Amino acid sequence: MDRRKIISFWILITGIIISVIGILHISFTPAMYQQMLQDPTLKEKAPGFAYFFAFCGFAIFYAGLLTIYSFHGLRKLEKWAWSIAISASLFLAIGGISAIAFAKFGNLLIYVMC
């Protein structure tokens with residue numbers, strides 16, 4: 001089998017796996033939010049953390065869909081596929097930074113890791 005075919009197939013499978021992980025992440029957001037509301041120390045931060053958790057799920061799902069969409073172009077080294085990949089990266093970076101800012105975690109390590 002040709003190396004490009006193997007790589008493009010792997011990119012497609014990876015995109016599908018990423019999309020499924022994003023869907024699972026989104027589906028567990030309400031349960032996580034309800035658990036946080038039951039803890040008095042986390043009740044105040046629950047809305048921000050739920051937004052952060054849900055945004056991460058949508059971002060993961062979006063990245064998976066873009067990977068699936070652009071795998072043909074990346075296999076052929078086409079410019080439009082690279083544009084899609086770069087725009088997805090910018091979306092994830094800007095959205096992730098705003099989600100962290102909104103969540104207002106008290107631990108500085110979370111900001112450093114992101």
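Position labels on residues start from 1 in each chain and follow its written sequence. At least 70 in pLDDT is required for a residue's local features to be given in this predicted model, at least 80 for side-chain atom pairs to be given and counted, and no such filter applies to totals for whole chains, interfaces and linings, which use all residues. Excluded from the side-chain calculation are hydrogens and water; included are all heavy atoms of the structure.

Quick word on the overall build of the chain
Alright, step 1. What the chain contains, in helices and strands, is five helices and zero strands.
Alright, step 2. Numbering of helices and strands runs from the N terminus, with a helix taken as a DSSP run of H or I at least four residues long and a strand as a DSSP run of E at least two residues long. Each helix (α) and strand (β) of the chain, taken in turn from the N terminus, gives the series α-α-α-α-α.
Alright, step 3. Here's how the labels work: a residue is buried when its accessible area is under 20% of the maximum for its type, exposed when over 50%, partly exposed in between, all with a 1.4 Å probe on protein chains only. Here the chain holds 114 residues, and the buried ones make up 27% of them.
Alright, step 4. Contacts spanning at least 24 positions in sequence make up 67% of the contacts within the chain whose residues lie at least 6 apart. Any two residues whose heavy atoms approach within 4.5 Å are treated as being in contact.

Details of helix H3 (residues 46-75)
Alright, step 1. Helices are assigned an expected span. That span is 1.5 Å times one less than the residue count. End to end, H3 covers 42 Å across 30 residues, agreeing with the expected 44 Å (1.5 Å per residue, within 8%).
Alright, step 2. Of all the bends in H3, the largest measures some 45° and sits at Tyr69.
Alright, step 3. Immediately beyond the C-terminal end of H3, within one or two residues, lies Leu77, with a positive phi of roughly 60°. What is called the bend at a residue is the angle between a pair of axes, fitted to the seven residues leading up to and ending at it and to the seven starting from it.

Looking at the confidence of the model for the chain
Alright, step 1. The predictor attaches a confidence to each residue, called pLDDT, with possible values from 0 through 100. Confidence along the chain averages 79 in pLDDT terms, with 85% of residues attaining 70 or more.
Alright, step 2. Across the chain, element-level confidence peaks in helix H2 (residues 29-38) with a mean pLDDT of 88 and bottoms out in helix H5 (residues 108-113) with 52.

Thoughts on the environment of Gly73
Alright, step 1. Along the chain, Gly73 falls in helix H3.
Alright, step 2. Expressed as a C-alpha distance, the spacing of Gly73 and Ile84, which sit 11 residues apart in the sequence, is 9.8 Å.
Alright, step 3. Beyond its immediate chain neighbours, meaning those up to four positions away, Gly73 contacts Glu78, Trp80 and Ala81.

Observations concerning the packing of helix H1 (residues 3-27) against H3
The angle between the axes and the distance between the axes are what describe a pair of packed helices.
Alright, step 1. Axis definition: a line fit to C-alpha positions, over the contact stretch in the case of helices; interaxial angles, taken between N-to-C directions, run 0 to 180 degrees. At a minimum axis distance of 7 Å, the contact between H1 and H3 shows a crossing angle of 160°. Here H1 lies roughly antiparallel to H3, going by the angle between them. Crossing geometry of H1 relative to H3 is assigned as left-handed.
Alright, step 2. Throughout, the ten residues Ala, Val, Leu, Ile, Met, Phe, Trp, Tyr, Cys and Pro are labelled nonpolar, Asp, Glu, Lys and Arg are labelled charged, and all others, Gly among them, are labelled polar. Partitioning the contact of H1 with H3 into residue classes produces 17 nonpolar, eight polar and two charged. Any angle that falls under 35 degrees is termed roughly parallel, while one over 145 is termed roughly antiparallel, one within 65 to 115 roughly perpendicular, and all others oblique. By convention the crossing between two helices is left-handed if the near helix lies anticlockwise of the far one by an angle smaller than a right angle, and right-handed if it lies clockwise.

Some thoughts on H2
Alright, step 1. Of the residues making up H2, those classed as buried are Thr29, Met32 and Met36. Buried residues of H2, viewed axially, fall in a sector of 65°; they line one side. Opposite its buried face, H2 presents the exposed residues Gln35 and Gln38, each directed more than 90 degrees away.
Alright, step 2. Packing partners of the buried residues in H2 comprise H1 and H3. It is the directions from the helix axis to the C-beta atoms that the arc portrays.

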